[in-house]
Amino acid sequence: MSKPPASKVRLPWLALIGLLIAPALYLCSIDWSVGINNNILELLPEERDTAEGKLVRQLLNERLTYPVIVQASAPGVGRDTLVNAFIEAAQQPGLKTPYIIGLDQGSAGLREALTAHRETLFAGSWLNDRHAEFAQLGLPEEQFIPWLAQTSAERLNAFLDRPESMAYADEIPQDPLLLLPSALEKLPKLNLADDGSFIAWIPVSADPLTTDGQDTITASLAAMNAQLLAQFPSYEQVSGGVYEIARESEQRTKAEVSVLNLAMGGAILGLLLLFTRRPGFLLLTLAPVAVSVLWCFVAAILVFGHIHVIAIAVCSVVLGLAVDYAVHLAAKRGDGNLMQAWPHVRVPLAISCLSTCFGFTFLLLSPMLAMKQVGVMAPAGLLAAILAVRFLLPWMEPIAGAYRLLPALEKPGPAIRVRYWAPIAAVVWLGCLALLVSRQPFSDDIADFQTPLPDVFQRYRDLADRISHSDVNERWYAYAKTPAELAQRLQAIQENTSAKVLLPTGSNETLSNFASQSNAFAADFKTQLKDQGFDAESFAPFFASLANANQWQSPNALTATYQDISGQLEGPLQAMLMTNGDYWAAIIEAPSGEEIPDSIAAFTRELSQHKPLNAVLDHAREGILRSAAFGLLGVTVCVAVLFRRKAIRSLLVPIWAVTIGLAITWLIASSIGLLAAIGAVLAFCLALDYGAFTATSSDPPSSIRISAATTFSAFLILSFCSMPAVAQLGQVVAASVFFAWLMAELLSLPAAPKSAHAKS
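For every chain, the first residue of the written sequence is number 1, and numbering continues from 1 onward in sequence order. Whole-chain, interface and lining totals are the exception, using all residues; otherwise, since this is a predicted model, local features are given only for residues with pLDDT of at least 70 and side-chain atom pairs are given and counted only at 80 or more. Only hydrogens and water are removed before side-chain values are computed, so all heavy atoms of the structure are retained for them.

Asker: Break down the packing of helix 25 (residues 647-669) against helix 26 (residues 674-696) for me, citing the residues and quoting the values.
Answerer: As a rule, the C-alpha atoms of each element are fitted with a line to give its axis, helices using only the stretch in contact, and angles between N-to-C directions run from 0 to 180 degrees. By the criteria applied, helices consist of DSSP H or I runs no shorter than four residues and strands consist of E runs no shorter than two, each listed in order from the N terminus. As a packed pair, helix 25 and helix 26 sit with axes 7 Å apart at the nearest point and diverge in direction by 145°. The two elements helix 25 and helix 26 cross, and the hand of that crossing is right-handed. From helix 25, Arg649, Ser650, Leu651, Val653, Pro654, Ile655, Val658 and Leu662 reach across to helix 26, where they touch Ala676, Ala680, Ala683, Phe684, Ala687, Leu688, Tyr690, Gly691, Ala692, Thr694 and Ala695. For the contact of helix 25 with helix 26, the residue count by class is 15 nonpolar, 3 polar and 1 charged. The crossing is said to be left-handed when, going from far helix to near helix, the turn is anticlockwise and less than a right angle, and right-handed when the turn is clockwise. Whether two residues are in contact is decided by their heavy atoms: any pair within 4.5 Å suffices. In the scheme used here, Gly and all other residues not listed as nonpolar or charged are polar, with Ala, Val, Leu, Ile, Met, Phe, Trp, Tyr, Cys and Pro taken as nonpolar and Asp, Glu, Lys and Arg as charged.

Right, dumping it as structure tokens:
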């Protein structure tokens, strides 16, 4: 084996320092306790919303989403005793005072606030209901006030005949319109269980989405359980919350990433050992692999400051691609050395590297931070790998010793005429294209970006069902800067949708009309009360308030009312009305499937982030496909310029392979999501590599065979990821690479010899 010229000796040292030593020293200076994270938020797209919308969403998360739900029971122990011990034991780090569902915690203060502000809160909705009833009678509008007085007196008389009226005996003189009793009937009923157990709602002060916060909450719940078990041996505790979902997701993701990385590395090394039958060759391939790994990490740390574990899992496929570059060079060595082989592969290898980097950079358009990291890491690793192949491998060649590829890899395929296989290939391609065109294959679901946790999710859902309405299908929320503005917006929601506003409010116009006729109503109502046998003078407090009806929903009255009410709401009841000091928000119950109309979309959102996040994914996928169309058009032009007559041959491989790969992915997953679309772009670039090598070489495609085997195995292993979106990425690339190899083989088949009859 000839040695490289002496004049080239210094260059490997420069490459060694730049590609290996410098990045290794830099990574040694990184604090990896924060350099690698599992934050679940980096797997979620950032919801498109205004700054104030994001602040309100954070308020809702802290008040309604992040609290821990605990079911506690201790057979043989009195409920009051257990509740008192539970509240005492819950005084743990990261936990706030628990709210016991169904217990009269703070109910006296809430009822007092509702009583003090009943006209402001409920008079508007009461008037709306009465107007709706009156409209069905078809009477002239001028008869509304007399009818309202008569109906109100009759309702009061009927209500006092009911046993539950005894609870309101002291309040009736101030509330003969029954504003408070009617409103309390609409409040969510949160009752204690009959078996002695209870559900506790525990707000948290620790961040449930960080590892430290999750550990604090987990340790506090364990300490609480131990303390109660010591007091009551029969005590049982079942808990659930966002903290556990995030914690389990991160732990299972980290474990799965480790398994995937080991499987990919083992498969690639096993294939190389099979193909070369020389352990020394494996050491030779370690140079581009080590360099690519180092620069993947360096690029991510420099750009993002940390790396998500899912980014590491997806970037593991770079190992296979880095090995491919070494294999392509080694396959062209022949009887010379690797330095002499470089001129034969530099053009197709450069095109291969640049087109693959181009495919990975589309991940930068992903709305998930973890995928953006892959869009930086993979190109950096691939560019570093090809530099290692160019500058390091020729001087490392003695490590590999005398090696030859497996003879079967260099054996040409059978001589089959194009007219025999081309129609079959065309029919398969047209069938797959028809399948994709006839369907709507592209769709995304944010659940596909989450590690499946059926046991954890089901336990949390069972606990949540114990405290939520069984008939509530969807929930919206509205927000505003002031109570008066929020009331107006809630009224707009009532008028434009069939949603049910949990916090009743009326329009100012309705109250204004009523206030202008309040004297007439007072006179008629007194008459009707006397006709029903009441002493009208006993309702003097109400009539005094009625004289100020025009102030019932004034801005000052609304501000005082909302402040008093929000300060008394605890636990899940906070959904009715909450504030962070800057914004006010209220929850609205909406029928299933109803969309938020444009007229209220500026201040109304869905409480569940499922649909909004899906919309973000759809938008990102559409943008990526549009960008890919222009990008791939540019690649096509470059291929046409570089390969000229052989351009069609080069492009045939990716077009045929990716179409079939997408169709197979759709058949497996029933949809093609964001990462699958990005995978299709990447697969097109990988397949174009095979087309380029096929177009520039008349030899059997031994390097393509090795490259396809290692790349296919890496992405095939990735397709078994439990996260469906990542699995789709692996499926579409693995299938496309397989069929790209098949087409490359077909295009490289030797020409069939002419028959004797043809010669004559």
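Asker: How would you explain a nonpolar patch on the surface if you had to name every residue and give the values?
Answerer: Nonpolar side chains (Val, Leu, Ile, Met, Phe, Trp, Tyr) within 5 Å and like charges within 9 Å form the patches, drawn only from residues with over 30% relative accessible area and no salt bridge. The method behind every accessible area is Shrake-Rupley, applied with a 1.4 Å probe, and residues are considered shielded solely by the protein chains displayed. Any carboxyl oxygen of Asp or Glu that lies within 4 Å of a side-chain nitrogen of Lys or Arg is treated as forming a salt bridge with it. Together, Ile17, Ile21 and Leu25 make up an exposed nonpolar region whose accessible area comes to about 280 Å². Along the chain, Ile17 falls in helix 1 (residues 10-28).

Asker: Summarise the pairing of strand 4 (residues 198-202); cite the residues concerned and give the values.
Answerer: With a 1.4 Å probe rolled over the protein chains alone, any residue whose accessible area is under 20% of its type maximum counts as buried; one over 50% counts as exposed, and the rest are partly exposed. Taken across its 5 residues, strand 4 has 5 buried, putting it largely inside the fold. Here strand 4 shows two buried faces, one formed by Phe198, Ala200 and Ile202 and the other by Ile199 and Trp201. Only strands that DSSP links by at least two bridges are regarded as paired with each other. Both strand 2 (residues 68-73) and strand 4 contribute to a ladder of 5 bridges, which runs antiparallel. By the bridge assignment, Ile69 is partnered in strand 4 with Trp201. In this sheet, strand 4 lies alongside strand 3 (residues 99-100) in antiparallel orientation, the contact comprising 2 bridges. Considered in strand 4, the bridge of Ile100 is made with Ala200.

Asker: So what about the environment of Phe525? Which residues, and what values?
Answerer: For Phe525, the position within the fold is in helix 21 (residues 518-531). Residues Phe525 and Pro176, spaced 349 residues apart in sequence, show a C-alpha to C-alpha distance of 10.0 Å. When neighbours within four sequence positions are excluded, Phe525 is seen to be in contact with Ala149, Ser152, Ala153, Pro176, Leu177, Phe542 and Phe543.

Asker: Before we move on, could you go through the confidence of the model for the protein and cite the residues and values that matter?
Answerer: Low pLDDT means the predicted atomic positions in that stretch should not be read closely. The predictor attaches a confidence to each residue, and that confidence, scored 0 to 100, is pLDDT. Residues of the protein with pLDDT of at least 70 account for 89%, and the chain-wide mean is 82. In the predicted structure, residues 756-760 sits below a pLDDT of 50 and forms 1 contact with residues beyond four places in sequence or in another chain.

Asker: Hey, could you go over the nonpolar core for me, with residue numbers and the actual values?
Answerer: Grouped together as the largest cluster of nonpolar side chains are 112 residues, with contacts concentrated most on Phe360, Leu675 and Val733. Considering every element that reaches this core, the biggest residue donor is helix 28 (residues 724-747), with 13 residues. When sequence neighbours within four positions are dropped, the list of residues in contact with Phe360 reads Val317, Leu321, Val374, Gly375, Ala378, Pro379, Leu382 and Leu682. Working definition of a nonpolar core: buried Ala, Val, Leu, Ile, Met, Phe, Trp, Tyr and Cys residues. They are joined through side-chain atoms within 4.5 Å. Grouped together as the second largest cluster of nonpolar side chains are 74 residues, Ile199, Leu511, Tyr562 and Ile588 included.

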